[in-house]
Amino acid sequence: MGNPLNLPFDPIERAHDNWTRHWGANPSMAAVTSIMRAQQILIGQLDAALKPYELTFARYEALVLLTFSATGELPLGKIGERLMVHPTSVTNTIDRLERQEFVRRKPNPSDGRGTLAEITDSGREVVEQATQDLVAMDFGLDCYSEEEAWQIHSLFAKLRVEFGDFPAAERRDLRRGEHSDDVPPGVGASE
């Protein structure tokens, strides 16, 4: 998980003070540096919680995705698309999960050259146990209220829309289950 820095000052604020003296105030610089540090902290906490299961957060996400699929299996390309990772990363993740006997590969009957990843019973069992642990620690965000967690999600959804991850019309208020257009919630999420 890494160790807390235990510094007597905020190094990001110090960096921003230096930045300001050289180039002028820039809240975006402070924000992005904070985001990067938060990612380090969260990945460390999540991976530490998953270590007893011999999982990383990336492998856990793949198992969850397979759990959510109607048949417990998905094409590798679809896994990469849904997890927003490169095909090589998907292959490595599935290789590892297969060695752990949490998934198995099988030919895709609708695509003669394609491969499906299918979650096994032991994969379902480990994802249930790991999920209980992650929920108990609020996925590392237990220092935030529920409302603050929704605000964080909403703020980053805006960035993801701007980047082109998905259209603005697809943004929903997850707290209320509201969808910004006529597409029912969850459509396409677990194909």
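Residues numbered from 1 in each chain as written. Predicted model: local features only at pLDDT ≥ 70, side-chain atom pairs only at ≥ 80, totals over all residues. Heavy atoms only, no water.

Remarks on the confidence of the model for the protein
Counting all residues, the mean pLDDT for the protein is 89, and 90% of those residues have values of 70 or more. The lowest-confidence element of the protein is strand E5 (residues 178-179), averaging 53 in pLDDT; the highest-confidence one is helix H6 (residues 121-136), averaging 98. Contacts for the low-pLDDT stretch residues 179-191, under 50 throughout, to residues beyond four places or in other chains number 26 contacts. (pLDDT = per-residue confidence, 0-100. Helix = DSSP H or I, 4+ residues; strand = E, 2+ residues; numbered from the N terminus. Contact = heavy atoms within 4.5 Å.)

Some remarks on the pattern of salt bridges
Applying the stated criterion across every chain, the model contains seven salt bridges. Between Lys106 and Glu73 there is a salt bridge whose closest N-O contact spans 2.8 Å. Highlighted residues: Lys106 in strand E2 (residues 103-108) and Glu73 in strand E1 (residues 73-75), separated in sequence by 33 residues. Between Arg104 and Glu118 there is a salt bridge, with its nearest N and O atoms 2.9 Å apart. You can see Arg104 sitting in strand E2 and its partner Glu118 sitting in strand E3 (residues 111-119), a full 14 residues away along the chain. Owing to a relative accessible area of 17%, Glu118 belongs among the buried residues under this scheme. Linked by salt bridges that have partners in common, Glu73, Arg104, Lys106 and Glu118 make up one network. (Salt bridge = Lys/Arg side-chain N within 4 Å of Asp/Glu carboxyl O. Buried < 20%, exposed > 50% of the residue type's maximum accessible area, 1.4 Å probe, protein only.)

Considering the nonpolar core
Side chains of nonpolar character tend, in soluble globular proteins, to be buried together. The biggest cluster of nonpolar side chains holds 28 residues, and the ones touching the most others in it are Leu55, Tyr60, Leu63, Ile79, Ile94, Leu97 and Leu134. Take this core: its biggest share by element is seven residues, from helix H3 (residues 57-68). Other than its neighbours up to four places away in sequence, Leu97 contacts Leu55, Arg59, Ala62, Leu63, Phe102 and Val103. (Core = buried A, V, L, I, M, F, W, Y, C linked by side-chain atoms within 4.5 Å.)

Here we look at helix H1 (residues 11-23)
Taking 1.5 Å of rise per residue, 13 residues should cover 18 Å, and H1 covers 18 Å from first to last C-alpha, within 8% of that figure. Residue Asp10 occupies the N-cap position of H1, its side-chain oxygen lying 2.8 Å from the main-chain nitrogen of Ile12. Looking one or two places after H1, you find Gly24, whose phi comes out positive at around 100 degrees. (Expected span 1.5 Å × (residues − 1). Polar contact = N/O pair within 3.5 Å; in protein donor to acceptor, adjacent residues only side chain to side chain.)

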